[in-house]
Amino acid sequence: MMWKIRRCILVLVLCGFNFWGFAQVQSNAGSVEPVQFLTETRFEFQQNHIYLKARINGVEGKFIFDNGFTVTGLDDDFAARCGIQTSADSSITLADANETEAQGRIGTAQDLQIEDIHFKNTRIAIIDTDGLPSCHQVDGFIGSSVINKANWKIDFDEKILRFSSRPFIDQGLRCAYAVSRSNRHFY
């Protein structure tokens, strides 16, 4: 009897991990072209925000690079200019690295381009960026639905953001950090 209970618990745990894994893959759907890449883009750094330019479905915009943002978020006016469609029942609550929440609707960007790299069929959220903390007017946030598809290296001295299909091999720095609600905060 005890063996059956343990087996049942094990099956439930394994199923839970599979559903969690499916949710992670689902939120990070899409592809990157070319498959092998190494490139860089310049950025502005002001008041602890990294600002960079990207093109969504051919429309250029200014974005905050925010690995704490659940998915890439586009301002509703900018999303309309890009031709992004959503359904009325696709609402989502998003949070950035500062745990500021925003309500949005889920859609797909056929092409999100940073320099010569194309993130195809990327999950995005359409949000109102006016209520989110930012130093400048932005068209959205480059979030996990893009960031998780590449390896990134930030050079703050040169203000260059490098990204690659392969990991960067560097000595690196060890930093103390705390985790809250899936976000890391460095000391």
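The rules behind the values
- Residues numbered from 1 in each chain as written.
- Predicted model: local features only at pLDDT ≥ 70, side-chain atom pairs only at ≥ 80, totals over all residues.
- Heavy atoms only, no water.
- Helix = DSSP H or I, 4+ residues; strand = E, 2+ residues; numbered from the N terminus.
- Buried < 20%, exposed > 50% of the residue type's maximum accessible area, 1.4 Å probe, protein only.
- Contact = heavy atoms within 4.5 Å.
- Pairing = 2+ DSSP bridges.
- Axes fitted to C-alpha atoms, helices over the stretch in contact; angles between N-to-C directions.
- Core = buried A, V, L, I, M, F, W, Y, C linked by side-chain atoms within 4.5 Å.

**Overview of the environment of G107**
Counting through the fold element by element, G107 comes out in strand β8 (residues 101-114). With relative accessibility at 5%, the residue G107 sits in the buried group. If we ignore the near neighbours within four places in the chain, the residues touching G107 are I84, Q85, T86, T122, R123 and I124.

**Topic: the sheet that holds strand β2 (residues 38-42)**
What the 3 strands build is an open sheet, ordered β2-β12-β11; its pairing is antiparallel. At either margin of the open sheet sits one strand with a lone partner, and together these are β2 and β11 (151-155). For this sheet, the mean angle separating the axes of adjacent strands, direction not counted, is 20°. Of the pairings in the sheet, the one linking β2 to strand β12 (residues 160-164) comprises 5 bridges and is antiparallel in character. Counted as the bridge partner of E40 is R162 from β12.

**Section: the nonpolar core**
Generally speaking, soluble globular proteins have nonpolar side chains that are buried together. Core analysis: the largest hydrophobic core is formed by 28 residues, its most contacted members being I56, I84, I114, F119, I142 and W152. Of all the secondary-structure elements, those providing two or more residues to this core are β4 (49-56), β5 (59-65), α2 (76-82), β8, β9 (117-127), α3 (144-147) and β12. In this structure, I56 is in contact with F63, L74, F78, C82, I84, A109, D111 and L112, ignoring residues within four places of it in sequence. By size, the runner-up hydrophobic cluster in this structure holds 11 residues, among which are I92, A125, V138 and F141.

Honestly, it's all geometry; don't read function into it.
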